[in-house]
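In case you want the letters, here they are:
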Amino acid sequence: MADAPGPRTGWTFLTQHARVLLMVSRDPQVRVRDVARACEVTERAVQGILTDLEDTGYLTRTRNGRRNHYRVARHTFFRHPAESRHEIAGLLALFADLDSATGTDGPLPGGDHEHREHP
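Residues numbered from 1 in each chain as written. Predicted model: local features only at pLDDT ≥ 70, side-chain atom pairs only at ≥ 80, totals over all residues. Heavy atoms only, no water.

- In the nomenclature of an unreviewed UniProt entry, the protein corresponds to Transcriptional regulator from the organism Kitasatospora phosalacinea.

Next up, the structure:
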């Protein structure tokens, strides 16, 4: 069938909200600029996401001098009914090994950056 649509591209499994939350959980004093760069979104988008997360109780923000300090409420539950019985702590633990500066997996032992086998 020549008219069959090809595979969709451009989507990912994690939302920008999840990425921002993961970065904040790894570095409670991370700068908005660094989050934006790692998530490949604007600083304004990150600020909006942080506000969403704070307004819904997933994190708290306190000012510490010129920097913000974030605290993630790890025992809050996912919002969607399909996952609402699970705490976000599991997601945070799953991705805890990501590099806080880039939001990506750190270097693999032996230099294999392309293929990783998971048990």
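Picking up where we left off.
1. Description of helix 2 (residues 32-39)
Consideration 1: By the burial criterion, the buried members of helix 2 are Val32, Asp34, Val35, Ala36 and Cys39.
Consideration 2: In this fold, the buried residues of helix 2 make contact with helix 1 (16-26), helix 3 (43-55) and strand 2 (67-72). (Buried < 20%, exposed > 50% of the residue type's maximum accessible area, 1.4 Å probe, protein only. Helix = DSSP H or I, 4+ residues; strand = E, 2+ residues; numbered from the N terminus. Contact = heavy atoms within 4.5 Å.)

2. Remarks on the pairing of strand 2
Consideration 1: Of the two faces of strand 2, the one lined by Asn68, Tyr70 and Val72 is fully buried and the one lined by Arg67, His69 and Arg71 carries no buried residue.
Consideration 2: Direction of pairing for strand 1 (residues 59-64) relative to strand 2: antiparallel, over a ladder of 6 bridges. Its bridge partner being in strand 2, Thr62 is matched across the sheet by His69.
Consideration 3: The turn linking strand 1 back onto strand 2 is made up of 2 residues, and Gly65 within it adopts a positive phi angle of 70°. (Pairing = 2+ DSSP bridges.)

3. Digging into the environment of Val41
Consideration 1: One can find Val41 in the loop between helix 2 and helix 3.
Consideration 2: Looking at Val41, the relative accessible area reads 24%, which means it is partly exposed.
Consideration 3: Aside from chain neighbours lying at most four places away, what touches Val41 is Gln16, Ala36 and Val46.

4. Details of the nonpolar core
Consideration 1: One finds Val20, Leu21, Val24, Val35, Leu50, Leu53 and Leu59 to be the most contacted residues of the largest nonpolar core, which totals 20 residues.
Consideration 2: Those elements that place two or more of their residues in this core are helix 1, helix 2, helix 3 and strand 2.
Consideration 3: In terms of residue count, helix 1 provides more of this core than any other element does, 5 residues in total.
Consideration 4: Non-local contacts of Leu59, meaning those with residues more than four positions away in its chain, are made with Leu21, Val24, Leu50, Leu53, Glu54, Tyr70, Arg71, Val72 and Ala73. (Core = buried A, V, L, I, M, F, W, Y, C linked by side-chain atoms within 4.5 Å.)

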